[in-house]
2 protein chains.
Amino acid sequence: MDRFAALGDPTRRAIVGLLSQADRRAGDIAAHFDATPPAISQHLKVLRDASLVRVERRGRERIYSLDPDGLAAMEAWIGETRRVWNGRLDALKTVLDQEERQ
Amino acid sequence: MDRFAALGDPTRRAIVGLLSQADRRAGDIAAHFDATPPAISQHLKVLRDASLVRVERRGRERIYSLDPDGLAAMEAWIGETRRVWNGRLDALKTVLDQEERQ
DNA sequence: AATATATTTAAGCGATAATTTAATTAAGTC
DNA sequence: GACTTAATTAAATTATCGCTTAAATATATT
């Protein structure tokens, strides 16, 4: 599942939101939702595979943290897409300006 | 389906990419993919519902164009999430700096 | 060593999504 | 008005997703 699909699920987006505020143990993340720990664990795996979060083992706990690189990559795709679109607008504007001057 | 889920599908992301370059007729969009026109038509509906693209009727053709507002909203969510994360980093840095000075 | 705690992995199931073929709608063309 | 073209909508099928319960793994506690 790619990054965008990973963030397509509202629960996973909420998890990313939580981790933007603070690193958290898997259990603490699960406690924020109605779903069972296994369900959240599976969401975390999706986010890991998408490089949106990282884990670190500490004893029997696992501390999850945000991986901003994954988010940056998504932001870059969106930004680039919008940049190309804006570029078209600018090109159109240039044409109109030139016609105006004739 | 929310915006992120809409862009979760690679075909739909490719459609958005095409429309960032130029407005296109539904049929021309479909021609870029292996899938059948009905499949693409349904993808276009998902993108429309997510306010990522717009349609304009012209005779029996439908011209699709990018709706940058939808992309902007996504970029804003990502940006805000990263901003919060960066804020944490800055806060940590401040604490360390203060400890250094003691 | 036995037991408890934290988390993940496995297996199965219902819901949703993506795709296909067939039918429909609507606008041009002869 | 019949026919073609452009695109969508409907119906059916297959694939994928997210969830649950049960089992497994690994660390800590007594």
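This part covers the protein's contact with DNA strand C. Close to DNA strand C lie 22 residues; Gly27, Ser41 and Tyr64 of chain A together with His43 and Gly59 of chain B are nearest. The sugar-phosphate portion of DNA strand C accounts for 66% of its atoms within 4 Å of the protein, the bases making up the rest. Between DNA strand C and Ala26 of chain A there is a distance of 3.3 Å, counted from a phosphate oxygen to a backbone nitrogen or oxygen. A distance of 3.5 Å is found between a phosphate oxygen of DNA strand C and a backbone nitrogen or oxygen belonging to Arg62 of chain A. Tallying contributions element by element places helix H4 (residues 37–49) of chain B first for the surface near DNA strand C, with four residues.

It is worth spelling out helix H2 (residues 10–21) of chain B at this point. Residue pairs three or four apart in sequence face the same way in an α-helix, which turns once every 3.6 residues. Residues and elements named next belong to chain B. With twelve residues, H2 should reach 16 Å at 1.5 Å per residue; the first-to-last C-alpha distance of 17 Å fits that figure. Within the sequence span of H2, burial applies to Arg12, Arg13, Ile15, Val16, Leu18, Leu19 and Ser20. Sitting at the amino-terminal end of H2 is Asp9, which places a side-chain oxygen 2.9 Å from the backbone nitrogen of Thr11.

Time to look at the confidence of the model for chain A. Considering every residue of chain A, the mean pLDDT works out to 92; 95% of them sit at 70 or more. Looking across chain A, the model is least confident in helix H5 (residues 68–101) of chain A, with a mean pLDDT of 84, and most confident in helix H4 (residues 37–49) of chain A, with 98.

All names here are of chain A. Using the criterion set out here, one finds two aromatic pairs over all chains in the structure. Relative to Trp77, the ring of Phe4 has its centre 5.5 Å away and its plane inclined at 70°; by these criteria the two rings are edge-to-face. Taken together, the residues Phe4 in helix H1 (residues 3–6) and Trp77 in helix H5 connect sequence positions 73 residues apart. On the accessibility criterion, Trp77 (25% relative accessible area) is partly exposed.

At Ser51 of chain A, a position not held by glycine, the phi torsion is positive, near 55°. For Ser51 of chain A, the location among the structural elements is in the loop between H4 and strand E2 (53–58).

Here is what the cut-offs are and how they apply
Residues numbered from 1 in each chain as written. Chains lettered and ligands numbered in written order. Predicted model: local features only at pLDDT ≥ 70, side-chain atom pairs only at ≥ 80, totals over all residues. Heavy atoms only, no water. Near = heavy atom within 4 Å. Polar contact = N/O pair within 3.5 Å; in protein donor to acceptor, adjacent residues only side chain to side chain. Helix = DSSP H or I, 4+ residues; strand = E, 2+ residues; numbered from the N terminus. Expected span 1.5 Å × (residues − 1). Buried < 20%, exposed > 50% of the residue type's maximum accessible area, 1.4 Å probe, protein only. pLDDT = per-residue confidence, 0-100. Phe/Tyr/Trp six-rings, centres within 6.5 Å; stacked < 30°, edge-to-face > 60°.

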